[in-house]
Amino acid sequence: MAGNSSRKGAIRKTNKKPAAGSGGQVRRGLEGKGPTPRAEDRPYHKAHKAKNAKDGGPGGARKPGPRRRTSGDAEMIVGRNPVLEALREGVPVSGVYVAEGAERDGRLKEVFRLCADMGVGLMEISRRELDRITSAAVHQGLAAKVPPYEYAHPDDLLDAARSQGDKPLIVVLDQVTDPRNLGAIVRSAAGFGAHGVVIPERRAASMTASAWKTSAGAAARIPVAQTVNLTRQLKAYQESGCFVVGLAADGDLSLRELVEDPDLAGGPLVVVVGSEGDGLSRLVAETCDRLVSIPMTSSLESLNAGVAASVVLYAVAEARA
């Protein structure tokens, strides 16, 4: 029947014969292109980038790239007391939001004054909009936005010490999950001359608004670095000449012995602080050069992580002085 060749689903017939052979395309595709370049000679390979960084790059001068990472999304502080305390403690607030028609009590008036003194933007928005940006939290007509924290690279802490002509003193936290403990340790580290604090990237407290507030503004004066692998970072510090001590109730070296040895307390030193409940993890404890105990006269099993760090940093600062 005429038109069958154009009917939908019909088989199309042709007199054209398939080409014999591939015209050499397959053979050419299988031909070798010479020896594979070494990893360090391939521009997009990490080995090539590492070699350039080590050798100073194409220009010969060492140009460190951006090594900092941020903590992720911005954080909202909600409620009149939390916002007021954050401003008082120097938390780096990037903006304050006030609901239209909010009662102007003493706290709100002080927030207005602090925003003016600190140059913080103050925006009046509808209560519905404030509900939206705070995820319907109990905000009392007031909220503040804290930008993501910018973490340093762990190597930056060594560079900071060397630039000041000091022997490095670095605090490393292992399994510390309470942001208030983190903030307290950052505050002590800044007060007793440490060059920075290192925290794990996962399963640990990070520099949230709560940690900022507890640090009483010290987080703006001392760098906090993040590392993906804590054990590997401790080994890197050891290779750089640092002596690594971990705080443990059953440590084989007393705090007095540590500070009385000028080569230990006065040299490049890394102090590792574990969590209150579990202390140091097994791998971290095994990586430390020595475990240090804080002698106590009572039957108290252990100190709060922040208190223990403060005691050791004070003792080391006194020994160095």
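Structure shown above.
A. Focus on the overall build of the chain. The number of helices and strands found in the chain is 13 helices and 13 strands. With 321 residues in all, the chain has 36% of them scored as buried. Nonlocal contacts in the chain, meaning residues at least 24 apart in sequence, comprise 82% of its contacts between residues at least 6 apart. Total accessible area computed for the chain in this model is approximately 19,100 Å², and 49% of it derives from carbon and sulfur atoms.

B. Representation of the sheet that holds strand E12 (residues 269-274) within the structure. The seven strands are arranged E9-E8-E7-E12-E10-E13-E11 in an open sheet whose pairing can be described as parallel. Of all the strands in the sheet, the pair left with one neighbour each is strand E9 (224-227) and strand E11 (253-254). As paired elements, strand E7 (residues 169-174) and E12 share six bridges and run parallel to each other. In the sheet register, aspartate 174 faces E12, and the bridge partner there is glycine 274. Its contacts with the sheet place helix H7 (residues 179-191) against E7, strand E8 (196-200) and E9, and it is angled at close to 170° to E7.

C. Highlighting the sheet that holds strand E3 (residues 95-99). Pairing is mixed in the open sheet, where four strands are placed in the order E2-E5-E3-E4. Here the strands that pair on one side only, and so sit at the sheet edges, are strand E2 (75-78) and strand E4 (121-125). When strand polarity is set aside, the average angle formed by the axes of neighbouring strands in this sheet is 25°. Across four bridges, the pairing between E3 and strand E5 (residues 142-146) is antiparallel. Pairing of tyrosine 97 across the sheet is with alanine 143, part of E5. Helix H3 (residues 80-88) rests against E2 and E5 of the sheet, and its axis sits at about 115° to E2. The strands that helix H4 (residues 106-118) touches are E3, E4 and E5; relative to E3, the one it contacts most, it runs at about 150°.

D. Spatial organisation of H3. Where H3 is concerned, the buried positions are Arg80, Val83, Leu84, Ala86 and Leu87. Viewed along the axis of H3, the buried residues span an arc of 160°, placing them on a single side of the element. Buried residues in H3 make contact with E2, H4, E5 and helix H8 (209-214). Glycine 90 sits one or two residues past H3 and shows a positive phi near 80°.

E. Spotlight on the nonpolar core. Counting residues in each nonpolar core, the largest one holds 57 residues, and the members touching the most others are Val96, Val171, Leu173, Val186 and Met207. If you tally residues by element for this core, the top one is helix H13 (residues 305-320), at seven residues. Beyond its immediate stretch of four places on either side in the chain, valine 186 contacts Val197, Met207, Ser215, Ala218, Ala219, Ile222 and Val224. In terms of nonpolar packing, the next biggest core, distinct from the first, is built from 17 residues, Leu157, Ile170, Val172 and Val272 among them.

F. A look at the pattern of salt bridges. As enumerated under the stated definition, the model contains 13 salt bridges in all. We note a salt bridge from arginine 113 to aspartate 117, for which the minimum N-O separation is 3.2 Å. Of this pair, arginine 113 and aspartate 117 both sit in helix H4, four residues apart, roughly one helical turn. Of the residues examined, aspartate 117 reaches a relative accessible area of 56% and is grouped as exposed. One salt bridge connects arginine 282 with glutamate 286, and the closest N-O pair in it is separated by 3.3 Å. Placement of both arginine 282 and glutamate 286 in helix H12 (residues 282-287) is noted, with a separation of four residues, approximately one turn of the helix. With respect to class, arginine 282 is no different from glutamate 286; both count as exposed. One salt-bridge network, held together by shared partners, links Arg88, Glu110, Arg113 and Asp117.

Calculation rules
- Residues numbered from 1 in each chain as written.
- Predicted model: local features only at pLDDT ≥ 70, side-chain atom pairs only at ≥ 80, totals over all residues.
- Heavy atoms only, no water.
- Helix = DSSP H or I, 4+ residues; strand = E, 2+ residues; numbered from the N terminus.
- Buried < 20%, exposed > 50% of the residue type's maximum accessible area, 1.4 Å probe, protein only.
- Contact = heavy atoms within 4.5 Å.
- Areas by Shrake-Rupley, 256 points an atom, 1.4 Å probe, with all protein chains shown as cover.
- Pairing = 2+ DSSP bridges.
- Axes fitted to C-alpha atoms, helices over the stretch in contact; angles between N-to-C directions.
- Arc of directions from axis to C-beta.
- Core = buried A, V, L, I, M, F, W, Y, C linked by side-chain atoms within 4.5 Å.
- Salt bridge = Lys/Arg side-chain N within 4 Å of Asp/Glu carboxyl O.

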